[in-house]
Each structure stands twice: as structure tokens, then as C-alpha cells.
Amino acid sequence: MAKKILILNGSPRKNGNTSALTAAFRRGAEDAGNTVTEFHLGSMNIRGCLGCWQGGKDGECPCVQKDDMAKIYPVYREADVVVLASPLFYWFISGQLKTAFDRLFAVAECDPNYRNPVKESVLIMAAEGAGFEESEHWYDHLEKHVGWKSLGKVLCGFVTQPGDTKDKPELQQAYDLGHSIQ
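Residues numbered from 1 in each chain as written. Predicted model: local features only at pLDDT ≥ 70, side-chain atom pairs only at ≥ 80, totals over all residues. Heavy atoms only, no water.

### Focus: the packing of aromatic side chains
Step number 1: One pass over the full model with this rule turns up eight aromatic pairs.
Step number 2: Where Trp53 meets Tyr114, the ring centres are 5.3 Å apart and the plane angle is 80°; that geometry is what we call edge-to-face. Of this pair, Trp53 sits in the loop between β2 (35–40) and α2 (69–78) while Tyr114 sits in the loop between α4 (105–108) and β4 (120–126), and the two are 61 residues apart along the sequence.
Step number 3: Residue Trp53 is classed as exposed on the basis of its relative accessible area of 52%.
Step number 4: Relative to Trp138, the ring of Phe92 lies with its centre 5.7 Å away and its plane at 80°, an arrangement referred to as edge-to-face. Of this pair, Phe92 sits in the loop between β3 (81–87) and α3 (95–103) while Trp138 sits in helix α5 (residues 133–146); the two residues are 46 residues apart in sequence, bridging distant segments of the chain.
Step number 5: In this structure an aromatic cluster arises from ring pairing among Tyr76, Phe92, Phe101, Trp138 and Trp148.
Step number 6: Here Lys119 stacks its cationic end above the ring of Tyr76, 5.1 Å away from the centre of that ring. (Phe/Tyr/Trp six-rings, centres within 6.5 Å; stacked < 30°, edge-to-face > 60°. Helix = DSSP H or I, 4+ residues; strand = E, 2+ residues; numbered from the N terminus. Buried < 20%, exposed > 50% of the residue type's maximum accessible area, 1.4 Å probe, protein only. Lys NZ or Arg CZ within 6 Å of the ring centre and 35° of its normal.)

See the structure below:
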């Protein structure tokens, strides 16, 4: 059965290495019959979470802040799979991805017990070097905390300039992971 997949692309470069990996993943997922929606967070107006605990009152746009998260919330609610994609910045995910993900808490606030919607997830990252451990640690604990199931990770190191992923095996890994989602 086809799934709805949401990609939250936290790279500030629309044509960078993270985007090359998400494009390969997307091709694989769509070739398998899935529907994919990708948001390039770096070009969106998304403010940081206020920690106000005032979300959850409007199911369509659950956060009290009105910005581009309003475009993401309905897709997130419907998604079966959420792909967290980011370059590695100072041994962690980008601020763009972290900010958007923090704002998804407003959806959990719609549940009286603050439960997050159950999803499957994927982590896709690119880096000029290596050292994904902190990001993997965050992702592994996040998935346990929110009750998600990881379908896999694609971690592509030693890519600096756009296009450096061209001959990397991680492009095929991204395609294969996307294609494996049924």
C-alpha cells in the first residue's frame, strides 16, 4: 500500500548534497508508488518555538505562531513517514531542521496526553567530514521518545561542494531506502 512521505529538508542550500540525497530517496519512494512532499526549510519563514504550551487548540494550524509551519502541519498529520534531512553543522542537525521539528510539538498538544502522532522515520545527512554520532544519538532517542519506528539512515560523509555526492554509494542507498518503503 502506498505511503505518504514528508521530507523536512533542513539544508540552507536547495541544490546541495543533502538535497541530492533527498532527490535520490524521493525517486526511489515515488518509483515504489509512494507520494512524497518535500519542504526546503531554509527558504521558509519558520520562527523558533516559544515554549508557551498554548498550541493544540486549532487542529488545522495548532501553533499560536502563524508562519510557514501552517504549510507543514497538514502534510505532517497525514504523513506515514517523516524524513529528517540535514547537513551536519557542528556535529548536529541544522538549526532549520531543529526549529521546524520543535514546532511540531504543537501537534502533540492536540492530544490530551501530549502524544505525538505515530510515524515511521528516516534520517538523511551529508557532511564535509564524518562524525554523525551526536545526530544519530539525538535521532535514536527522539524516535524512542515520540514512539516512531526508524526505517533507516543514510549518512554521507566527505562531501563539501554541491555535486560531491555524484559518485558516492550513499546516493544509491538513499534511492534503495526510498524504494523499500511500501
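Next comes the rest of the account.
### As for the environment of Cys61
Step number 1: Its place among the elements puts Cys61 in the loop between β2 and α2.
Step number 2: Given a relative accessible area of 10%, Cys61 falls into the buried group.
Step number 3: For the pair Cys61 and Ala106, spaced 45 residues apart in the sequence, the C-alpha separation amounts to 8.6 Å.
Step number 4: Setting aside residues no more than four positions away along its own chain, Cys61 makes contact with Lys66, Ala70 and Tyr73. (Contact = heavy atoms within 4.5 Å.)

### Regarding the nonpolar core
Step number 1: Counting residues in hydrophobic clusters, the biggest one holds 32 residues, and the most contacted among them are Leu8, Leu41, Ile72, Tyr73, Tyr76, Leu84 and Leu104.
Step number 2: When residues of this core are traced back to their parent elements, those giving at least two are β1 (4–9), α2, β3, α3, α4, β4 and α5.
Step number 3: Sequence-distant contacts of Ile72, that is, excluding residues within four places in its chain, are made with Leu8, Phe39, Leu41, Met44, Ile46 and Leu104.
Step number 4: In terms of nonpolar packing, the next biggest core, distinct from the first, is built from 20 residues, Val81, Cys156, Val159 and Ala174 among them. (Core = buried A, V, L, I, M, F, W, Y, C linked by side-chain atoms within 4.5 Å.)

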